[in-house]
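What follows is each chain in one-letter form.
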Amino acid sequence: MTDTDSDWISFERGDRPTEWTVRDAIEHRHFTLRTATVASLEPTSHEQFSFPVDAARRFQTTFFSIEKCYFPRIHDGDGTTAHALDVGDRYRLDPDRESVSLSGDILLYFRFDRPVWIDFGHDSVQFELDGSSRVHFGVRSHQTKPPATIYTTDDPSSMMEAISMAAATIKSQSPERSWPTFRGHPPLIERGETLEIPDTLSVPQTSSKITVPPAYETVYPVSPLAYYLGATIEPGPSAAIETDRTHYPLGTERSLEADIERILQKVFVLDCFVRSNGIVKDRLLGHDDLDDALTFDIAETYSLSLSRRLDRYLDVSDEVIEPYVPPWPATAHVPATPETVELLPYLLGKLTHIKTIASTNSASDGHQQQLTGINSERPGEKSDSIATDILQSSTRFEDPESGIQLLEGIHPDSLEAIWFGDGITPWATRGTIEAYRGRLEGDDVSDKSSIRVVCNESPMLPEIENLEGLYGERDSHPFDVRVEYGVSTDRLATLLRSESVDLFHFIGHATPEGLICHDGALDVRTLESVAPRSFMLNACQSAQQGLALVERGANCGLATHSDVVNQQAIRASETVVRFLSRGFMFRSALWLTRLVNPLDEYVLLGDGTLTIAPTDGGAPTIYVLDSFEEPFDLCHIDTPILGNALGATTGPTITDCTFTTLIPSAYILPNVTRSQLREALQWTAVPILCNETFHWPSDVGIPETLLHHFT
């Protein structure tokens, strides 16, 4: 550990003398620290915390609060999690043998000199100390910036050495490496005249390596597995994983890419179950059943080296592990060219599956996939209700004690397909390296989300009337929404060049050659750069203009690759906006909107993991039900954000359960009552999908459109 604070964490005085605002410039997140009296924040040692931190401070007070719904965990002296608190709990912490962490869109760790009472409320966590005392706290972002840049030649053997250094930012060789916060952003890779690896980078010796023939088509797909295993990639006559005890051939019974995907999923998921015997005692749904099915003991495996664990994991059959594999974050389709090596660091940290694009393939070739993920091949007749279809989905696993069912076919097998080839395709996000580079710049964060709306089409005015209310309907997070009508090409160019807003929303007409204004069309490709972080182009044939926005500075956006009907565009944008304003990723907002709206004409461009607003804490969630006749089944669907990336966990708040599930997840809670649902909604603002309609709460509580079911 180091006592040098990271530059992406900042501490600023708030609006009141007793407030501090702590900001994470990478993730665009912040929280407010309130103290009983005016307090100064002073640097303190990182070493006192059991977990890595990006910055640490201390202050003196008798009382303070964190004004956000962060989730407290009580830790023993060695950092092991003793238990988690529930909303409404009051707990007295003994500083001689305990500490506390708060988990949310920023991670916090506290140490105290005196006993303290902790009160976990629905929108804050409060700490009452036994008299004036010094408080030490550490802050950690869910993301990190690359620590260095590696240069490589275009020779695949040189690239192998460069990519092998990606694991330098993984902070542990234990199964805890499966937690997303233990996987730092890999070093950047750039092409150069010679191979140059900074002396500051080093990777632990794991005695594991992956051999492949030295070619782009083999090196790129094995990179995510090599990164997670801390394995070196070395030239060889055939593809194989090698440890001190094992030689495991690859690509013999199926393609190399398919083999790598299955093994990465297997190794990662087994680490997630094994880590329950470590510092954090999260017990995943299905733990006992998987333990019974394995030929080795989960608890005993925790203490083994990474290489020894790998030996055991490789012997586990696909059939045993398949029910426990969550939907994967993304699958990237990349060109087998030298330029692709610079893209890899942005994909490896998210454990993205990588497939190379054959030279004869194009964006229109047959890579179709389900856009919603809902299992269209389920036997029997489909109902008239999407909610009923979800509730009747196939079961991956059922807990025999609680009857809770983990569902399959709700999310796509891969949450996002990303196309990095030429052209734009309706079945995948059109990725660009510019979008990923832009995410690293860490623009200043704001206490509110800024939205600029331009309406250049009078028949679409009803959309504007609704949008202003939709963006501003969250009580817990303010939005600065500004609207302009009928702008000229010069004005539109000025807005795009100078308005550094979280979301630019254009409503009107477009062609592949430009966005239509009353005096002509503005071709975004004529602009040198653009300022908005993200965009939504509600205009026909706007995908080429959207791609130009991403290539010139925007991180992400939605556009259309064909004509759309005005009413359809209005409904779609309303639903997408509601999800975005609640902290859902762009890709999740589009996927969930497609559950109730046919949106085949819309395409995602750039980095689909972008958000424009924070969540109220934890993973963005929706509830699904098709009846309020008690008792009813309720489907609980969790979606990821970057802070809750692959390996993060969540659990239901409706029923008393001791298990967690990997995010993303979809599971059915059986025999739920209206009183249980009402109690859960007192603490959370969760959209509810009932039959064909989403119902939206403005804040915590029951959506107004469903109140009649609870009277």
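Residues numbered from 1 in each chain as written. Predicted model: local features only at pLDDT ≥ 70, side-chain atom pairs only at ≥ 80, totals over all residues. Heavy atoms only, no water.

### A word on helix α15 (residues 586–593)
Because each turn of an α-helix spans 3.6 residues, side chains separated by three or four positions in sequence point in the same direction.
Okay, step 1: Buried residues dominate α15, accounting for eight of its eight residues.
Okay, step 2: Looking at α15, one finds that the buried residues are F586, R587, S588, A589, L590, W591, L592 and T593. (Buried < 20%, exposed > 50% of the residue type's maximum accessible area, 1.4 Å probe, protein only. Helix = DSSP H or I, 4+ residues; strand = E, 2+ residues; numbered from the N terminus.)

### Observations regarding the packing of helix α2 (residues 216–229) against helix α3 (residues 256–274)
Okay, step 1: Axis separation between α2 and α3 bottoms out at 10 Å; the angle between their running directions is 10 degrees. Considering their axes alone, α2 and α3 lie roughly parallel with respect to each other. Seen from α2, the contacting residues are T218, P221, V222, P224, L225, Y228 and L229; seen from α3, they are L256, E257, I260, I263, L264, V267, F268 and D271. (Axes fitted to C-alpha atoms, helices over the stretch in contact; angles between N-to-C directions. Parallel < 35°, antiparallel > 145°, perpendicular 65-115°, else oblique. Contact = heavy atoms within 4.5 Å.)

### A few points about the packing of aromatic side chains
Okay, step 1: Applying the stated rule across the entire model yields 28 aromatic pairs.
Okay, step 2: Here F11 and F137 contribute two aromatic rings whose centre-to-centre distance is 6.2 Å and whose plane-to-plane angle is 75 degrees, an arrangement assigned as edge-to-face. Here the residue F11 occupies a position in strand β1 (residues 9–13), and F137 occupies one in strand β12 (residues 125–140), the gap between them amounting to 126 residues.
Okay, step 3: Relative accessible area serves as the criterion here: at 16%, F11 is assigned to the buried category.
Okay, step 4: For F137, a relative accessible area of 1% gives the class buried. (Phe/Tyr/Trp six-rings, centres within 6.5 Å; stacked < 30°, edge-to-face > 60°.)

### Here's the deal with the sheet that holds strand β17 (residues 240–242)
Okay, step 1: The strand order across the open sheet built from four strands is β16-β15-β17-β18, with neighbouring strands paired in mixed fashion. Two strands lie at the open edges of the sheet, namely β16 (232–235) and β18 (247–249), each paired on one side alone. Pairwise comparison of adjacent strand axes, ignoring direction, gives a mean angle of 25 degrees for this sheet.
Okay, step 2: The pairing of β17 with β18 spans three bridges and is classified as antiparallel. From the neighbouring strand, I241 faces β18, where its bridge partner is Y248. (Pairing = 2+ DSSP bridges.)

### Considering the nonpolar core
A general feature of soluble globular proteins is that nonpolar side chains tend to end up buried together.
Okay, step 1: Residues I163, I210, Y220, Y623 and L677 are the most contacted members of the largest nonpolar core, which totals 97 residues.
Okay, step 2: Residue contacts for I163: discarding those within four places in its chain leaves I189, V219, S223, I233, V341, L344 and L348.
Okay, step 3: Core analysis: the next-biggest nonpolar cluster, separate from the first, contains 46 residues, L407, I451, L503 and A569 among them. (Core = buried A, V, L, I, M, F, W, Y, C linked by side-chain atoms within 4.5 Å.)

### Observations concerning the pairing of strand β15 (residues 209–212)
Okay, step 1: As defined by bridge partners, β15 adjoins β16 across four bridges and the pair is classed as parallel. Its bridge partner lying in β16, K209 is registered against T232.
Okay, step 2: Running through α2, the crossover from β15 to the neighbouring parallel element β16 is right-handed.
Okay, step 3: Bridging between β15 and β17 involves three bridges; their strand directions are antiparallel. (Right-handed = clockwise from strand over helix to strand, strands pointing away.)

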